[in-house]
Amino acid sequence: MDSAERDQRFERAAELFDGLNARDVSVVALTWVDNSGITRTKSVPLRRLAHAAAHGVGSSPVFDVFLFDDWIIQGRFAGGPVGDLRLHPDLDRLTVLAGQPGWAWAPADRHYQSGVPYPMDQRLQARKAVRNLASHGLTAQAGFEVEWCVGRTGTDDWVPATSGSAYGHARQVEVSDYCVDLLNALDRQNVEVLQFHPEYAAGQFEVSTAPEDPVAAADTAVLVKETIRAVTVRHGMRPSFSPKVINGGVGNGGHLHLSLWRDGTNLFDGFQEEARHFSAGVLHHLRALCAIGAPSLASYLRLVPNTWAAPFVAWGEENRETALRLIKDNLEIKCFDLTANPYLVVAGVIAAGLDGITAQAELPEGLNVDPALLDGVQRLPTSLGEAVEEFEKDAVLTEAFGQELAGTIADVRRGEMERYKDASPQGIANVTRWRH
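Residues numbered from 1 in each chain as written. Predicted model: local features only at pLDDT ≥ 70, side-chain atom pairs only at ≥ 80, totals over all residues. Heavy atoms only, no water.

Regarding the UniProt feature "domain: GS beta-grasp" (unreviewed entry) in the protein chain
Annotation from UniProt places "domain: GS beta-grasp" (unreviewed entry) at residues 23–115. Counted over residues 23–115, helix gives 8% and strand 37%. Its end C-alpha atoms are 31 Å apart. (UniProt positions renumbered as here; feature names shortened; annotations may be inferred. Helix = DSSP H or I, 4+ residues; strand = E, 2+ residues; numbered from the N terminus.)

Have a look at this one:
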């Protein structure tokens, strides 16, 4: 980032001031998502936005080794009190927050003080993956499903705020104003909602958003989660995005939908050859990708058979218990959840898919039954430790992320495992319930 680009960023932000001020914006939240999946933030008064756009806002690199509970480890490539990075807001995604009056939001990219991009920045990794895809003449469209459970306040225990049946309209009736306020807030933020409905678990809802460029889709996933949080709190309730709100129950997923395009043609429409190779690459690397897309101890309380979590290394057309579900015009990855950093998710999936295209990988036969009814269908990892081992020996993914980021991701996962090595499954559910 040279002086000319800094000047351009300053002028662009300055031009936005009057419009934001007229909409009563006082503060702008600049967010990034760490390796444990927590959205972290630094905020600036509106009058400082132009300076932040040009020169960034200080942020320690120690955040790369924060665990989900804010415990800090010493990683091999990150950690300690020394050093400083700069958060630069992406003004193209600047959004006035309907659920937080007086606030605006922008995702931030992290750079060194010199302006050089920080190689361990997760959002920049997603950008790099999209560029790699473009170098093959391909683009992608992606979108996340966001599931959450609404609980009562006044306790850290799980007490659902609704009593209506799974998928039942009664649940929406009980919190009707909340549902309307949430959907209106998303609409005012230009988030295109495809559908909204009660889900299976107690107090659980789901919202699906329209496909976008993969980096934009990850941005939207962050914005949707934080809008849900803001609106839920304003209605006197608490949202939980945890993969397992209570042990033994159905958990929250964070499914990724992705389509692949060449020359304006969706290659998943008709499941063309490159789409098949791409899907085969994702399937081949899926056990390792779990360290990215199912990255918490609680993730493995969710990834069990017969809970709609799709814990099998398999694919099927419209099969909701295979990890990869082929839909008419896109691929759904069902085993991921919302403790994941969405930027790492899209970066990892693109790297795996491109490897499948390069290797001309072939898919095994698709399944048209529940894999739990068959013998010999490979499971996804059944523990976080198993997922990390798969990730560390996956040369494609570790090379795509780079030694420092890949190593730090593994360090954070192992830090979580060590910290909660004596916790029971219910203890893990308790400690993760309200964190993400």
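Here we look at the environment of Arg-93
Counting through the fold element by element, Arg-93 comes out in the loop between β4 (85–89) and β5 (95–96). Considering only alpha carbons, one finds Arg-93 and Ala-108, 15 residues apart in sequence, at a separation of 9.5 Å. Residues within four places of Arg-93 in sequence aside, it is in contact with Trp-105, Pro-107, Glu-212, Ala-216, Asp-219, Thr-220 and Leu-223. (Contact = heavy atoms within 4.5 Å.)

A closer look at the nonpolar core
Residues Trp-148, Tyr-178, Leu-286 and Val-349 are the most contacted members of the largest nonpolar core, which totals 129 residues. Ranked by residue count, the leading element in this core is helix α10 (residues 342–359), at eleven residues. Summarising the domain contributions, this core has at least three residues from each of domain 1 (3–118) and domain 2 (127–433). What Tyr-178 contacts, discounting residues up to four positions off in sequence, is Trp-148, Val-150, Ile-228, Val-231, Thr-232, His-235 and Met-237. In this structure, Cys-149, Trp-158, Ala-201 and Trp-434 belong to the second largest nonpolar core, which totals six residues. (Core = buried A, V, L, I, M, F, W, Y, C linked by side-chain atoms within 4.5 Å. Buried < 20%, exposed > 50% of the residue type's maximum accessible area, 1.4 Å probe, protein only. Domains from an automatic or database assignment.)

Some thoughts on the domain arrangement of the protein chain
Per the domain assignment, the segments of the protein chain are domain 1 (3–118) and domain 2 (127–433). Its C-alpha centre places domain 1 at a distance of 25 Å from the equivalent point of domain 2. Taking both sides of the interface into account, the surface hidden between domain 1 and domain 2 amounts to around 2700 Å²; carbon and sulfur atoms contribute 57%. The largest contributions to the domain 1 side of the interface with domain 2 come from Asn-35, Phe-68 and Phe-77, which together make up 24% of the buried area. Counting the contacts that link domain 1 with domain 2 gives six salt bridges. A salt bridge links Arg-419 to Asp-69; the shortest N-O distance between them is 2.6 Å. In this assembly, domain 1 and domain 2 are joined by eleven residue pairs in polar contact (both at pLDDT 80 or more). Of all the elements in the fold, those that place two or more residues in the side of domain 1 that touches domain 2 are β1 (27–33), β5 and β6 (103–112). Looking at the side of domain 1 that touches domain 2 element by element, the count peaks at three residues for β6. (Buried area = accessible area lost by both parts, 1.4 Å probe. Salt bridge = Lys/Arg side-chain N within 4 Å of Asp/Glu carboxyl O. Polar contact = N/O pair within 3.5 Å; in protein donor to acceptor, adjacent residues only side chain to side chain.)

Concerning helix α14 (residues 425–432)
Considered for burial, the residues of α14 that qualify are Ile-428, Ala-429 and Thr-432. Seen from one end, α14 has its buried residues packed into an arc of 100°, which puts them on one side. (Arc of directions from axis to C-beta.)

Re the UniProt feature "domain: GS catalytic" (unreviewed entry) in the protein chain
Sites flagged by UniProt as "domain: GS catalytic" (unreviewed entry) map to residues 122–436. Secondary structure over residues 122–436 splits into 43% helix and 15% strand, and the C-alpha atoms at its two ends are 17 Å apart.

Regarding unusual backbone geometry
As a rule of thumb, non-glycine residues mostly have phi less than zero, and peptide bonds are mostly trans rather than cis. For Tyr-167, which is not glycine, the phi torsion reads 60° and is therefore positive. For Tyr-167, the location among the structural elements is in the loop between β7 (139–152) and α4 (169–174). In this structure Tyr-167 comes out as partly exposed when scored by relative accessible area, which is 45%. In this structure, Phe-271 is a non-glycine residue whose phi angle is positive, near 50°. Tracing the backbone shows Phe-271 in the loop between β12 (265–266) and α7 (273–284). Classification of Phe-271 by relative accessible area gives buried; the value is 12%.

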